[in-house]
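Structure at a glance
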Amino acid sequence: AMTMEQQQLWMELIRTDPTYCKYYDEFVILLETGMRVSEFCGLTKGDLNFAARKIRVDHQLVRDRNGNYFVEKTKTACGCRYIPMTDAVYHSLKRILANRRQLALETIIDGYSGFLSLDKNDNPKVALHIENEMRWAMKKYCKRYPDKPLPHITPHVFRHTFCTNMANAGMDLKSLQYVMGHSDIGVTLNVYTHASYDRAAE
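Every chain is numbered on its own, with residues counted from 1 as its sequence reads. Note on the predicted model: pLDDT of at least 70 is required for a residue's local features to be given, and 80 or more for side-chain atom pairs to be given and counted; whole-chain, interface and lining totals, by contrast, use all residues. Heavy atoms from the whole structure form the basis of all side-chain values; hydrogens and water molecules are not counted.

**Some points on the pattern of salt bridges**
Inclusion rule: Each salt bridge in this description consists of a side-chain nitrogen of Lys or Arg and a carboxyl oxygen of Asp or Glu lying within 4 Å of one another. Secondary structure elements are defined from DSSP: runs of H or I of at least 4 residues count as helices, runs of E of at least 2 residues count as strands, and each element is numbered from the N terminus. Each residue is placed in one exposure class: buried if its accessible area under a 1.4 Å probe, protein chains only, is under 20% of its type's maximum, exposed if it is over 50%, and partly exposed if it falls in between.
Under the criterion given, the structure shown has 13 salt bridges. Residues Glu12 and Arg15 are paired through a salt bridge, measuring 2.8 Å at the closest nitrogen-oxygen approach. With Glu12 and Arg15 both in helix α1 (residues 4-16) and three residues apart, the pair spans about one turn of that helix. With a relative accessible area of 35%, Glu12 lands in the partly exposed category. Assessed through its relative accessible area of 45%, Arg15 is described here as partly exposed. Glu39 is the partner of Arg36 in a salt bridge, and the nearest nitrogen-oxygen pair spans 2.9 Å. The exposure class of Arg36 is buried, given its relative accessible area of 12%.

Given below as structure tokens:
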């Protein structure tokens, strides 16, 4: 998991960089919801309830080696859940929708359409797109902050970080298990929460 200082350094780079700022809202959503990256890629307009400020997660979008897109169920049955929108997530989702290109013909994949994030060819983004965005941005970060190394940044590191942040903030473990979509609370306890001396001392 990233420390708070690392999160701030990374997100400030993304927010202010003229090349990578276009990915800022995607990163905010991943970092502040703990969604699996394929769940994020599968989000459609219909999954967003801005009035109640919650996100429905009940499927994920994947692409196979042959370039075929398909929608599948969440990793576990417990993966079907609602995730509350923080203020930052709310505004990032609004910006993504406002900046999203209006397509004459929406892509339909296994009955789903209106995917939030599109690539340069107007196809829905998949995990590889997000992973590449992070990899390219990391090269820029390493040049700018050679004396402040970060862990290898991936969407799953964001998921670890979210879970750790929520545990450190005092979210009860059953609620955290629900938001993460874990079928076994042991995963929440043993894999995703990272103890540190500073936190223990606090």
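Structure's up, so let's keep going.
**Section: the pairing of strand β2 (residues 54-57)**
As a reminder of what qualifies: In short, DSSP must find at least two bridges between two strands for them to pair.
Only one face of β2 is buried, namely the one carrying Ile55 and Val57, since none of Lys54 and Arg56 on the opposite face is buried. Taking the residues that link successive antiparallel strands as the turn, the strand β1 (residues 48-49)-β2 hairpin has four residues, and the phi of Arg53 there is positive, at about 55 degrees. Note that β2 and strand β5 (residues 81-84) share four bridges and pair antiparallel. Bridge pairing in β5 places Arg56 opposite Tyr82.

**Looking at the pairing of strand β3 (residues 60-63)**
As judged from the four bridges shared by β3 and strand β4 (residues 69-72), these two strands associate in the antiparallel manner. Bridge pairing links Gln60 to Glu72 in β4.

**Quick look at the nonpolar core**
To be explicit about the condition: Each nonpolar core is a collection of buried residues, namely Ala, Val, Leu, Ile, Met, Phe, Trp, Tyr and Cys, held together in the definition by side-chain atoms within 4.5 Å.
Trp10, Phe27, Leu93 and Phe158 are the most contacted members of the largest nonpolar core, which totals 49 residues. At the level of elements, α1, α2 (24-33), α3 (37-42), β2, α4 (87-99), α5 (127-144), α6 (155-168) and α7 (173-180) are the ones that each hand at least two residues to this core. At six residues, α5 tops the list of elements feeding residues into this core.

**What to know about the confidence of the model for the protein**
Detailed reading of the predicted model is not advised wherever pLDDT is low. Cut-off, in case you're wondering: What pLDDT reports is the predictor's confidence in each residue, on a scale of 0 through 100.
Mean pLDDT for the protein: 91, with 94% of residues reaching 70 or above. The least confident element of the protein is helix α9 (residues 197-201), whose mean pLDDT is 61; the most confident is β1, at 98.

**Examining the packing of aromatic side chains**
Operational definition: Aromatic rings from Phe, Tyr and Trp, taking only the six-membered ring of Trp, are treated as a pair when their centres fall within 6.5 Å; an angle between ring planes under 30 degrees marks them as stacked, one over 60 as edge-to-face, and anything in between as tilted. In this scheme, Lys NZ or Arg CZ marks a charge over a ring once it lies within 6 Å of the ring centre and within 35 degrees of the ring normal.
Counted by the stated rule, this structure contains seven aromatic pairs. Centre to centre, the rings of Tyr141 and Tyr145 are 4.9 Å apart; their planes meet at 40 degrees, and the pair counts as tilted. Judged by its relative accessible area of 1%, Tyr141 falls in the buried class. Three or more aromatic residues joined by ring pairs form one cluster here, namely Trp10, Tyr20, Tyr23, Phe27, Tyr141, Tyr145 and Phe158. Above the ring of Tyr82, the side-chain terminus of Lys54 is found at 4.4 Å from the ring centroid. The ring of Phe50 carries the charged tip of Lys94 above its face, separated from the ring centre by 4.3 Å.

**Looking at α5**
Heads up, the rule is: Helix span, expected: 1.5 Å multiplied by one less than the number of residues in the helix. Only heavy atoms matter for contacts: two residues are in contact if any of them lie within 4.5 Å across the pair.
For α5, with 18 residues, the first-to-last C-alpha span of 26 Å sits near the 26 Å given by 1.5 Å per residue. Three or more residues of α5 are buried, namely Ala127, His129, Ile130, Asn132, Glu133, Met134, Ala137, Met138 and Tyr141. Buried residues along α5 sit against α1, α2, α3, β3 and α6.

**With respect to the environment of Cys142**
Within the secondary structure, Cys142 sits in helix α5. Sequence separation of Cys142 and His59 is 83 residues, and the distance between their C-alpha atoms is 35 Å.

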